[in-house]
Amino acid sequence: MRLYATVAAGSFRRHSTYRIATAAGVFTNTVFGFVLAFTFNALWSERPGLGGYDKPEALTYVWIGQALLATCGLMGGGGFADELIERIKNGDIAIDLYRPADLQLWWLATDLGRAAFELLGRGIVPMAVGALAFDLALPGGRAWLWPAFLLSVALGVVVGFGIWFLVSLSAFWLMDGAGVVQIAWLCGMFFSGMLLPLTVFPGVLGEVARMLPWASMLQVPADVFLGKYTGWGLLKAYGFQAGWALVLLTAGRGLQLVARRRVVVQGG
């Protein structure tokens, strides 16, 4: 495990060197945060209590979304998906599969290091700006919500990795993962609750959306932060995220084994 801890630390340092890109990301997240915040402000003024949130909670949801946009890879695989797809296309993946390090764990460690930096580098500033500009529903005296939120975010990052790892490995059979990446990107935007909280979605659509893995990447962490889950409810929320993480990682492991056999057969 020391190897993968070193990989995660290296990934953190690697992303920390992109200072201009980080500053641009902070600026972009903050601007879009204001656009969404004013939109939500108008919507919740007309429909108080929409989706089970009061206005401060709805505005808090907006800024949590901006903080987790890059952290959980809501709009992409944090860069690792594009890199992995490219290695599959040019054949370098064969070298990776023959290395003593496990392919899935290697990329998971890489993504965890990236996510840790994104949360610190691109998450804190937009959230702080939002708290200064708007009346947000912050934990206040409920200090336990902060570690509870961070654990939920960590699980959301693993779920996000599981999705994008599967998307990346699809390039073994499709040769060009652009179409699958686009579909995953759209699903991430819509079904994570990035555009609107999933609790606002009506009827069957809302029930299905809240059962899909993308809900683990924003909707669940946001509700944990807002104190919507307590006691057994919080454990069930963690169980939902952990369950999807296990399913996706297991599926990725299976697909990795199939891909490895294909490489071995072609190499032989």
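Below: a short report on this structure. (Residues numbered from 1 in each chain as written. Predicted model: local features only at pLDDT ≥ 70, side-chain atom pairs only at ≥ 80, totals over all residues. Heavy atoms only, no water.)

**Focus: the pattern of salt bridges**
Quick note on the threshold: Note on definitions: salt bridges are taken to be side-chain nitrogens of Lys or Arg within 4 Å of carboxyl oxygens of Asp or Glu. Here a strand is any run of E in DSSP of at least two residues, a helix any run of H or I of at least four, and the numbering for each starts at the N terminus. Partly exposed describes any residue whose relative accessible area lies between the buried limit of under 20% and the exposed limit of over 50%, with all areas from a 1.4 Å probe on protein chains only and scaled to the type maximum.
Using the criterion set out here, one finds six salt bridges in the structure. The shortest N-O distance in the salt bridge between arginine 253 and aspartate 102 comes to 2.5 Å. Taken together, the residues span a long stretch of sequence, with arginine 253 in helix α12 (residues 232-267) and aspartate 102 in the loop between α5 (93-98) and α6 (103-133) at a distance of 151 residues. Here aspartate 102 falls in the buried class, since its relative accessible area comes to 17%. Linked by salt bridges that have partners in common, Arg87, Asp96 and Arg99 make up one network.

**Points about the environment of tyrosine 229**
Put simply, the test is: Here a residue-residue contact requires only that any non-hydrogen atoms of the pair lie within 4.5 Å.
By secondary structure assignment, the location of tyrosine 229 is in the loop between α11 (219-225) and α12. Residues tyrosine 229 and isoleucine 95, 134 residues apart in the sequence, show an inter-C-alpha distance of 45 Å. Each residue touching tyrosine 229, except ones within four places of it in the same chain, is listed here: Trp144, Val220, Asp223, Val224, Leu234 and Ala237.

**Considerations on the packing of helix α2 (residues 19-46) against α6**
The angle between the axes and the distance between the axes are what describe a pair of packed helices. In plain terms, the rule: As a rule, the C-alpha atoms of each element are fitted with a line to give its axis, helices using only the stretch in contact, and angles between N-to-C directions run from 0 to 180 degrees. Should the near helix be turned counterclockwise from the far one by less than a right angle, the crossing is left-handed, whereas a clockwise turn marks it as right-handed. As a working rule, the residues Ala, Val, Leu, Ile, Met, Phe, Trp, Tyr, Cys and Pro are called nonpolar, Asp, Glu, Lys and Arg charged, and the rest polar, with Gly in that last group.
Contact geometry of α2 with α6 gives a least axis separation of 9 Å together with a crossing angle of 35°. Viewed along their axes, α2 and α6 form a crossing whose handedness is right-handed. Contacts between α2 and α6 involve Thr22, Gly25, Val26, Asn29, Thr30 and Phe34 from the first element and Phe117, Gly121, Arg122, Val125, Pro126, Val129 and Ala133 from the second. In the contact of α2 with α6, the residues fall into seven nonpolar, five polar and one charged.

**Section: the nonpolar core**
Stated formally: To form a nonpolar core, buried Ala, Val, Leu, Ile, Met, Phe, Trp, Tyr and Cys residues must be joined to one another through side-chain atoms within 4.5 Å.
If you look at the biggest cluster of nonpolar residues, it comprises 61 residues, and the most contacted ones within it are Ile64 and Leu218. The biggest single contributor to this core is helix α7 (residues 145-169), with 11 residues. Once you skip the residues sitting within four places of it in the chain, leucine 218 turns out to touch Tyr61, Ile64, Gly65, Leu68, Leu74, Ser192, Gly193 and Met194. Residues Ala148, Val224, Ala237 and Tyr238 belong to the second largest nonpolar core, which totals seven residues.

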